[in-house]
Amino acid sequence: MMGPTIGLLGGGQLGQMLILAGLPLGLRFVVWDPDPGSPAGRLSTRHFCKPYDSKETLEEFTRNSDLVTYEFENIPYPLVAELEQKVSLPQGSSLLSICQHRIREKQTLQKLSIATAPFQSVASAGALEECLQQWQTPVLLKTCMGGYDGKGQRKVDKVADAEAAFQDLQGDQRELIAEGWLPFEREISVLVARSTTGEIHCFPVVENVHEAGILASSLVPARISADLNRKALNIATQIAQGLQLNGMLAIEMFVMPDGQLLVNELAPRPHNSGHYTQDGTNVCQFEQHLRAICGWPLREPKLHSPTVMLNLLGEHIPALQAWHAGLPAEAHLHWYGKAEARPGRKMAHLNLCAASLDEALEELEKWKLRSPPKGIYT
Ligand code: AMP
């Protein structure tokens, strides 16, 4: 028996992996993405390769979808809000609107009594200078909307640099947020799913290593104490309940030297730091997301293999090609099928599973697929 047809907004690699997880469950997919080379588009029953403001496509996409989901946050909010009126869209538009805007996101977390970095909206270089003086720490200046993978961010160390950073990010044309610079010990994330029936499950906590603002690797289990692990899972559950989440949510957190956890960002969908679930757990984040939005019973995630997930960007592809044939049996390659390998562009990832995290890290070091991110092998 076939399940519903899912209308997928956005057709990148997350969409591709949703389709790969959903087809064996009996789901079908149509994709709306203006990019003719969209990784998910080529796997779909139908690819609506049209701009997101096409009214005609909106009607047709709606007619062809039993329920709609989005796979990245930069889908125009008005489109999602309109679709929500016409077709079942379990994730909803309001969480999207929260996650699209860093200040709304932090205010929402505050309302849920979840700790974050100090933050302030800054509409002038003078306001940025005040943050520097008040917090007595460097400041990370970020665009409120549209930034991802470290884009749209400047570290500002001193008052004399405020004006240049503000101009650099075009602060007079768009909203900016200043965040106090956090000397965190490590970064972790929790992937949590809440079904339309209210059932909630978290995946094992992930430790993330970033390079130049882009996720380089994820390590599972995260190298944190049992107490911190519990705290992280509790925070994720509290957020999922507080938001009445439907679907998957990725919650990025900073572990501070005093053991405090501060939430950085939310992503209301499967997430790069959850890719390890494809090979390390009994259910992957993509299947769990589909189960959640379809209102099907969720699976309780269990880690069966410690896993290191390594992101492979355009510049890592030559090394990958050299090693591809000889990768170890427990290395699982996930290739996104993008035509052009540009530096910094996410092309593929590798999940390396082993009996222990140390073994996986040692194995990975032998392969030198990409230069080891600082701190990862310590
Ligand atoms: P974001 O786009 O907010 O996820 O930021 C990208 C990366 O910048 C994060 O993964 C952190 O490594 C770093 N970062 C973000 N916010 C802060 C902060 N307030 N203090 C220090 N580092 C940060």
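Note: the structure precedes this text.
Owing to the predicted nature of the structure, the values given are computational and were not obtained by experimental measurement. (Residues numbered from 1 in each chain as written. Predicted model: local features only at pLDDT ≥ 70, side-chain atom pairs only at ≥ 80, totals over all residues. Heavy atoms only, no water.)

Asker: Would you take a moment to explain the packing of aromatic side chains for this structure?
Answerer: How two aromatic rings sit relative to each other is set out by the distance from centre to centre and by the angle between their planes. What the rule picks out here adds up to four aromatic pairs. Look at Phe 48 and Phe 61: their rings are 5.8 Å apart centre to centre, the planes differ by 85 degrees, and that puts the pair in the edge-to-face class. Of this pair, Phe 48 sits in strand 3 (residues 46-48) while Phe 61 sits in helix 2 (residues 55-63), and the two are 13 residues apart along the sequence. Accessibility expressed as a relative area gives 0% for Phe 61, which makes it buried. Centre to centre, the rings of Phe 184 and Phe 254 are 4.6 Å apart; their planes meet at 10 degrees, and the pair counts as stacked. Here the residue Phe 184 occupies a position in the loop between strand 8 (176-180) and strand 9 (186-194), and Phe 254 occupies one in strand 13 (residues 247-255), the gap between them amounting to 70 residues. (Phe/Tyr/Trp six-rings, centres within 6.5 Å; stacked < 30°, edge-to-face > 60°. Helix = DSSP H or I, 4+ residues; strand = E, 2+ residues; numbered from the N terminus. Buried < 20%, exposed > 50% of the residue type's maximum accessible area, 1.4 Å probe, protein only.)

Asker: Got a minute to help me understand the site of the ligand in this structure?
Answerer: Taken together, the neighbourhood of the ligand is formed by 15 residues, with Lys 142, Gln 153, Leu 182, Glu 187 and Glu 265 sitting nearest. Gly 180 has a polar backbone atom sitting 3.1 Å from a nitrogen atom of the ligand. A total of 470 Å² of accessible area belongs to the ligand in isolation, and the protein chains cover 92% of it. Counting only elements with at least two residues in the shell around the ligand, the list comes to strand 6 (139-143), strand 8, strand 13 and strand 14 (261-267). Across the shell around the ligand, the residue classes break down as five nonpolar, four polar and six charged. The residue makeup of the shell around the ligand includes at least three contributed by each of domain 2 (118-180) and domain 3 (186-367). (Near = heavy atom within 4 Å. Polar contact = N/O pair within 3.5 Å; in protein donor to acceptor, adjacent residues only side chain to side chain. Areas by Shrake-Rupley, 256 points an atom, 1.4 Å probe, with all protein chains shown as cover. Nonpolar A, V, L, I, M, F, W, Y, C, P; charged D, E, K, R; others polar. Domains from an automatic or database assignment.)

Asker: How should I be thinking about helix 3 (residues 77-86) in this particular structure?
Answerer: Residues separated by three or four positions in an α-helix point in the same direction, a consequence of the helix having 3.6 residues per turn. What helix 3 keeps buried is the set Leu 79, Val 80, Ala 81 and Leu 83. The inward-facing, buried residues of helix 3 contact strand 1 (5-9), strand 2 (28-32), helix 2, strand 4 (67-70) and helix 4 (93-99). (Contact = heavy atoms within 4.5 Å.)

Asker: I would appreciate a short explanation of the side chain of Thr 5 in the present structure.
Answerer: One can find Thr 5 in strand 1. According to the relative accessible area criterion, Thr 5 is buried, its value standing at 13%. Setting aside anything within four residues of it in sequence, one finds Thr 5 in contact with Arg 28, Phe 29, Val 30, Asn 64, Ser 65, Asp 66 and Leu 67.

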